[in-house]
Amino acid sequence: MDRGRVIEFLAQIPLLQRLPNLSLRKIAQSVRVKRYENGEYVVHEGKTGELIYFIFEGQAEISGPADAEEGNYPTVSLKKFDTFGHENYGCINRANVIALSKLTCLVLSDHYSNFLQPKSIWNADEASEGFSLVERTLCLEPLEVDIFRGFTLPGSPSFRQVFGGQFIGQALAAASKTVDCLKLVHSLHALFILAGHNNVPIIYHVHRIHDGKNFATRQVDAQQNGRVLFILLASFQKVVEEFEHQEVCMPHVPDPETLPNLEELRERRLSDSNLSMEYRNKINSKKFIPWPIEIRSCDAINFSEQSQPRLNYWFKARGKLTADPALHRCVVAYASDLIFGGISLNPHRRRGLKTASLSLDHSIWFHRPVRADDWLLFVMESSSASGGRGLCNGQMFNKSGQLIMSLTQEGLIRKAKVAVQNEVPKSKL
């Protein structure tokens, strides 16, 4: 059987969608084709079978053992894309599986059981500890089919609550692990509802809205303590080559290698004798943890003085990333919330004025393949602010000048309220 056809089939099985791409391809290379006639036993009660069977064509049923009391052991009907074996039903020799029609199964033996137990949802062979902080943040724990658990790891961006980009990236990771690996996200729309607590796990529940030949749609609810904090709607498309054009050009900016990163800028401020000692001491007194995304700004960043509502900066993930195109899109989605909404405050800043901004909704359109471990230019501007909300528009380019993504975000912008000691974060609204 053609291996491409096998991969396309296996990629539609929910049990396998949460596996790394490499695991799926290894399974496709290792399965054997078995065919059965109508009424033939696939698995006999009391006999050892294979690790797992995938129904490729036809129908079958699981029936109870011969000594089971009548009516106390329900039969289970099986059809294309269903699975049975150790993975789903424990010891399969406790029941019979019988073909109800001509039946074709792809069978994986016990010898390949490690393929179903990868090191992470992104990498089949290496533990996630060896990879970047952002990949480890996006390495969700599968609880059940379509349910995942995510965590806020030490060293993650913290703003007294779960970073908005973490919600976007983790929710997209959950959605990506419920679709055929031949489909990649092409658009997403996110809604922030409540603030999240950094010390509480986040449960991501994926709803399979639509599965088609070329497109799939997913909705993801992010919950803590039974409350929905964030909702993501994402659309996935099978990669195709069709018409292409690009009218927008990347602006002329310095190369990222010639620019200092945020950590170097901080060190310069600490040693700048033109700045007051009080200001330098204030900077030095704040606990500083580098973000998992390295940023090199093409423009001066000053959050205490009025400036134009626009900013250009280069960014990329720090450390090692698994070479999975779905992961790289999740990483860029994670990074897209850094600084973005705050530029709508730029024309309103002044010394002594404390401001606050929070993401309300966020949309991304992916145009071309992306590598999150290579430099990307984020070009952003705010076209409007009113009613306590600021609208921001963004574009991302690779170093070759290709437009990779388009983005919009609306955020809440206002004068900062005086913080109450030990106050617990509440609704973002």
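Relevant structure appears above.
Residues numbered from 1 in each chain as written. Predicted model: local features only at pLDDT ≥ 70, side-chain atom pairs only at ≥ 80, totals over all residues. Heavy atoms only, no water.

**Student:** Mind showing me how you'd approach the packing of aromatic side chains here?
**Tutor:** Applying the stated criterion across every chain yields a total of 11 aromatic pairs. Consider the rings of Tyr112 and Phe115, whose centres lie 5.4 Å apart with planes at 25 degrees: the pair is stacked. Exposure remark for Tyr112: the relative accessible area of 26% places this residue in the partly exposed category. An aromatic cluster is built from Tyr313, Phe315, Phe340 and Phe378, whose rings are joined through pairwise contacts. The side chain of Lys80 reaches across the aromatic face of Phe56, ending 5.9 Å from its centre. (Phe/Tyr/Trp six-rings, centres within 6.5 Å; stacked < 30°, edge-to-face > 60°. Buried < 20%, exposed > 50% of the residue type's maximum accessible area, 1.4 Å probe, protein only. Lys NZ or Arg CZ within 6 Å of the ring centre and 35° of its normal.)

**Student:** For this particular structure, what's the right way to read the pairing of strand E17 (residues 355-366)?
**Tutor:** Consecutive side chains along a regular strand alternate between the two faces of the sheet. When strand E11 (residues 183-192) meets E17, the two strands line up antiparallel, connected through five bridges. Paired with His189 across the bridge in E17 is Ser363. Looking at chain direction, E17 and strand E20 (residues 403-415) are connected through 11 bridges and run antiparallel. By the bridge assignment, Asp361 is partnered in E20 with Glu410. (Pairing = 2+ DSSP bridges. Helix = DSSP H or I, 4+ residues; strand = E, 2+ residues; numbered from the N terminus.)

**Student:** It is not clear to me how empty space enclosed by the protein should be interpreted in this structure. Could you clarify?
**Tutor:** Gaps left between atoms show up when a probe the size of a water molecule is rolled over them. Taken as a whole, this structure holds two cavities of 30 Å³ or more when the rule is applied. Roughly 160 Å³ of internal volume is contained in the largest cavity. Along the wall of the largest cavity there are 21 residues; nearest its centre are Asn21, Ser176, Lys177, Val179 and Cys181. Secondary structure elements with two or more residues in the lining of the largest cavity: helix H2 (14-17), helix H3 (21-30), E11 and helix H9 (325-335). Of the residues assigned to the lining of the largest cavity, the class counts are 13 nonpolar, three polar and five charged. Approximately 30 Å³ is the volume found for the second largest cavity. Considering the residues around the second largest cavity, the lining is formed by Pro14, Arg18, Val145, Asp146, Phe148, Lys177, Thr178 and Arg208. Among the residues making up the lining of the second largest cavity, the classes are represented as three nonpolar, one polar and four charged. (1 Å grid on protein atoms, 1.4 Å probe; cavity = no way out; pocket = protein on both sides within 12 Å on 5 of 7 lines; lining within 4 Å. Points joined across faces, edges and corners; volume = space filled by probe spheres on them. Nonpolar A, V, L, I, M, F, W, Y, C, P; charged D, E, K, R; others polar.)

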